[in-house]
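This is what each chain is made of:
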Amino acid sequence: MTNLTDKNAELLLRLIGKAAQIETLKKAVFSKSLAATVNKATLTLKAIGNEKVLQLESFCSDNKAKHKNIKFEELDLLAETIESFSQINLITTAGDCEFKRSKSGNTVLLGGAKLEKLLFSENSETVKTFAKVTVGSNNKNKNYILKGDEPFLKLLEVSDKNGRVYDKKQAKFRQINRFLELIRDVEHALPATDPLRICDLCCGKSYLSFAVYHYFAVIKGRQVKMTGVDLKADVIEYCSSVAKALGFDGLEFLCGDVNLYDTIDRVNMVISLHACDTATDIVIGKAIEWQADVLLSTPCCHHDLNRRLNCEQLSFIADYSMLRQKLCDAATDALRLKLLEANGYETAALELIDPEETPKNIMLRGIRKPFFDRNGERAQRLMAEYNEIYSFLLGESK
Ligand SMILES: C[S@@+](CC[C@H](N)C(=O)[O-])C[C@H]1O[C@@H](n2cnc3c(N)ncnc32)[C@H](O)[C@@H]1O
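Each chain carries its own residue numbering, running from 1 in the written order of its sequence. Owing to the predicted nature of the model, reporting of local features is limited to residues with pLDDT of at least 70; listing and counting of side-chain atom pairs is limited to 80 or more, with chain, interface and lining totals taken over all residues. Remark: hydrogens and water are excluded; side-chain values derive from all non-hydrogen atoms of the structure.

## Focus on the packing of helix 12 (residues 321-342) against helix 13 (residues 377-394)
The packing of two helices is summarised by the inter-axis angle and the distance between the axes. To get an axis, fit a line to the C-alpha atoms, keeping to the stretch in contact for a helix; angles then go from 0 to 180 degrees between the N-to-C directions. The numbering of helices and of strands both runs from the N terminus, where a helix is a DSSP run of H or I of at least 4 residues and a strand a run of E of at least 2. It is the contact of helix 12 with helix 13, at a shortest axis distance of 8 Å, that shows an interaxial angle of 160°. Judged by the angle between their axes, helix 12 and helix 13 are roughly antiparallel. Helix-helix and strand crossings are classified by hand; for helix 12 and helix 13 the assignment is left-handed. Residues Ala331, Leu335, Lys338, Leu339, Glu341 and Ala342 of helix 12 form the contact with helix 13, whose own contacting residues are Arg378, Ala379, Leu382, Met383, Glu385, Tyr386, Ile389, Tyr390 and Leu393. Gly is placed with the polar residues, together with every amino acid not listed as nonpolar (Ala, Val, Leu, Ile, Met, Phe, Trp, Tyr, Cys and Pro) or charged (Asp, Glu, Lys and Arg). Partitioned by chemical class, the residues of the contact of helix 12 with helix 13 number eleven nonpolar, no polar and four charged. Working definition: roughly parallel below 35 degrees, roughly antiparallel above 145 degrees, roughly perpendicular at 65 to 115 degrees, and oblique for all remaining angles. What makes a crossing left-handed is the near helix being turned counterclockwise from the far one by less than a right angle; a clockwise turn instead makes it right-handed. Contact criterion: two residues are considered in contact whenever any of their non-hydrogen atoms come within 4.5 Å of each other.

So, in structure tokens, the structure goes:
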């Protein structure tokens, strides 16, 4: 129990606490101050040593900023701050809400109930779909799986010889770290026996292949057989030489069209980062064909449906080019997930990194269900649903 008597203020405090605890809190902004000494305040997550805390930064009327670290179990200390402001915006990766206090003292919490439902959802899968924020600290890379000083990052020129990540490579560094976190989340679905067979399709310069190989072979000590495939001969040649220099014996790179690539091995995991347009469909097709245990694919651009969309009922959206692209992005990815589902995969659409960083940040995840009958009634029903949605969008059957 807090000493807040207002139920909206109390719910806001609970939402802040929960968002902090599951690391979805981006920030809370306190404005319209009721106190003469403070103009504004912001609240963010910070790492102090091994502990995560809430850091309140107050901007005072004497132009000075004050910082106060609040432990999660001391959340009630925020009650006084909540009572000192008339507007508080809570921004999380699961959604936002806005607290307002009128001059007469009445309060509202817009979006509060919806956010409460999401953050306190009993469905752990729902909670897993919220992107975790990067918790700032003096050492920015502290919570990442990769620290920056790994030899492959230096060879790929992501970091310098001291392990400092180059500024222009920070975004890529965050992407591959987050990708590794998502891989760590699905490790339970991979076999415990070695070798682990992994394919990175449309691997390009292969930052991801090297990172995943490093994760399993170096960090986890597993035997890994991994193949990266891409159309670009020069890039493949370069990646092969880097793998050799690192002594990554189980990592090979092949030049060619992923559509034509096949392997006699049982593939455990297919990964792909930003495979262009329909190349992502080919990647997903391969994962299904091989019945890979896990698929993790972050699509790139979505042009195909945008070109071919033919749906009168959706023209009220599609007639606006900006909205048409968003509609086609979402519909393409949803259709991909439906196809995976019809082929025996438990599916999820997750956030790779902060959408403010790149719009190409959706991660499509498929985990193969071990006892799914691909010819059974459920599979047929899901495939019929897939075909129905396909015809609805394109005005033609597949
Ligand atoms: C945007 S890049 C992404 C590269 C890499 N995964 C990354 O994230 O840095 C897309 C890559 O897909 C490759 N690609 C596109 N279609 C392909 C196909 N059918 N077969 C093999 N590679 C393909 C391109 O050559 C390009 O290197």
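## A few points about the pattern of salt bridges
When a carboxyl oxygen of Asp or Glu is within 4 Å of a side-chain nitrogen of Lys or Arg, the pair counts as a salt bridge. Going through the model one piece at a time under the given rule, you end up with 19 salt bridges. Among the ionic pairs, Asp265 bridges to Lys225, the shortest N-O distance being 2.7 Å. Here Asp265, found in the loop between strand 10 (251-255) and strand 11 (269-275), pairs with Lys225, found in strand 9 (residues 224-230); they are 40 residues apart in sequence, far enough to count as distant. Only protein chains enter the accessibility calculation, which uses a 1.4 Å probe. A residue is then buried if its area is under 20% of the maximum for its type, exposed if over 50%, and partly exposed in between. You can call Lys225 partly exposed: its relative accessible area is 36%. In this structure, Arg307 engages Asp277 in a salt bridge whose closest nitrogen and oxygen atoms are separated by 3.4 Å. Placement of the pair is Arg307 in helix 10 (residues 304-308) and Asp277 in the loop between strand 11 and helix 9 (279-290), with a sequence separation of 30 residues. The class of Arg307 is exposed, set by a relative accessible area of 59%. Each of Lys338, Glu341, Arg378, Arg381 and Glu385 takes part in one network of salt bridges that share partners.

## Some remarks on the nonpolar core
Take the buried residues of types Ala, Val, Leu, Ile, Met, Phe, Trp, Tyr and Cys, join any two whose side-chain atoms come within 4.5 Å, and each joined set is a nonpolar core. Of all hydrophobic cores here, the largest spans 49 residues; its most connected members are Ile183, Phe210, Val212, Phe216 and Ile271. Setting aside chain neighbours within four positions, we find Ile183 in contact with Val212, Tyr215, Phe216, Met269, Ile271 and Leu296. Leu54, Leu56, Leu115 and Val133 belong to the second largest nonpolar core, which has 35 residues in total.

## Considerations on the packing of helix 9 against helix 12
Taken N-terminus to C-terminus, the directions of helix 9 and helix 12 make an angle of 10°; their axes are 10 Å apart at the nearest point. Overall, the two elements helix 9 and helix 12 adopt an arrangement that is roughly parallel. On helix 12, the residues touching Thr280, Asp281, Ile284 and Ile288 of helix 9 are Arg336, Leu339 and Leu340. Classifying every residue of the contact of helix 9 with helix 12 gives four nonpolar, one polar and two charged.

## What to know about the sheet that holds strand 8 (residues 196-201)
Sheet strands pair by backbone hydrogen bonding; their relative direction is either parallel or antiparallel. Pairing in this open sheet of seven strands is mixed, and the strands run 10-9-8-11-12-14-13 from one edge to the other. The two strands at the open ends of the sheet, each matched to only one other strand, are strand 10 and strand 13 (345-351). For this sheet the average axis-to-axis angle between neighbouring strands, irrespective of direction, equals 15°. A strand pair is defined by DSSP finding two or more bridges across the two strands. With seven bridges connecting them, strand 13 and strand 14 (residues 362-368) associate as antiparallel partners. Bridge pairing in strand 14 places Tyr345 opposite Arg368. Sitting on the sheet, helix 7 (residues 207-219) is in contact with strand 8, strand 9, strand 10 and strand 11, with an inclination near 175° to strand 9. Relative to strand 11, helix 9 is tilted by about 175°, and along the sheet it contacts strand 8, strand 11, strand 12 (294-299), strand 13 and strand 14.

## With respect to the site of the ligand
Close contacts around the ligand come from 14 residues, with Cys202, Asp230, Asp257, Val258 and Leu273 the closest. Within the contact set of the ligand, an oxygen atom lies 3.2 Å away from a side-chain nitrogen or oxygen of Lys172. Within the side chain of Asp257, one N or O atom sits 3.0 Å away from a nitrogen atom of the ligand. Here, Shrake-Rupley sampling with a 1.4 Å probe gives the accessible areas, and only protein chains in the shown set may cover a residue. Protein contact buries 82% of the 600 Å² of open area that the ligand shows by itself. Of the residues that constitute the shell around the ligand, the class distribution is seven nonpolar, three polar and four charged. A single heavy atom is enough: if one lies within 4 Å of a molecule or strand, its residue is considered near that molecule or strand. For the purposes of these results, a polar contact is taken to be a pair of N or O atoms within 3.5 Å, where, inside protein, one atom must be able to donate a hydrogen and its partner to accept one; residues adjacent in sequence count only when each atom of the pair is a side-chain atom.

## What to know about the domain arrangement of the protein chain
The domains assigned to the protein chain are domain 1 (7-126) and domain 2 (151-394). Spacing between the C-alpha centres of domain 1 and domain 2 amounts to 36 Å. The source of the domain bounds is an automatic or database domain assignment.

## Regarding the sheet that holds strand 7 (residues 107-110)
Taking strand neighbours across the sheet as the criterion, the seven strands line up as 4-3-2-1-5-6-7 in an open arrangement whose pairing is antiparallel. Each having just a single partner strand, strand 4 (65-70) and strand 7 make up the two edges of the open sheet. Across the sheet, the mean angle from the axis of one strand to that of its neighbour is 15°, orientation sign disregarded. One ladder, built from seven bridges, connects strand 1 (residues 25-33) with strand 5 (residues 85-92); its direction is antiparallel. Looking at strand 5, one finds that Val29 is bridged to Asn89. Running over the sheet, helix 1 (residues 7-21) touches strand 1, strand 2 (38-48), strand 3 (51-60), strand 5, strand 6 (95-101) and strand 7 and is turned about 35° from strand 7. Relative to the sheet, helix 3 (residues 112-119) contacts strand 5, strand 6 and strand 7, its axis offset from that of strand 6 by approximately 140°.

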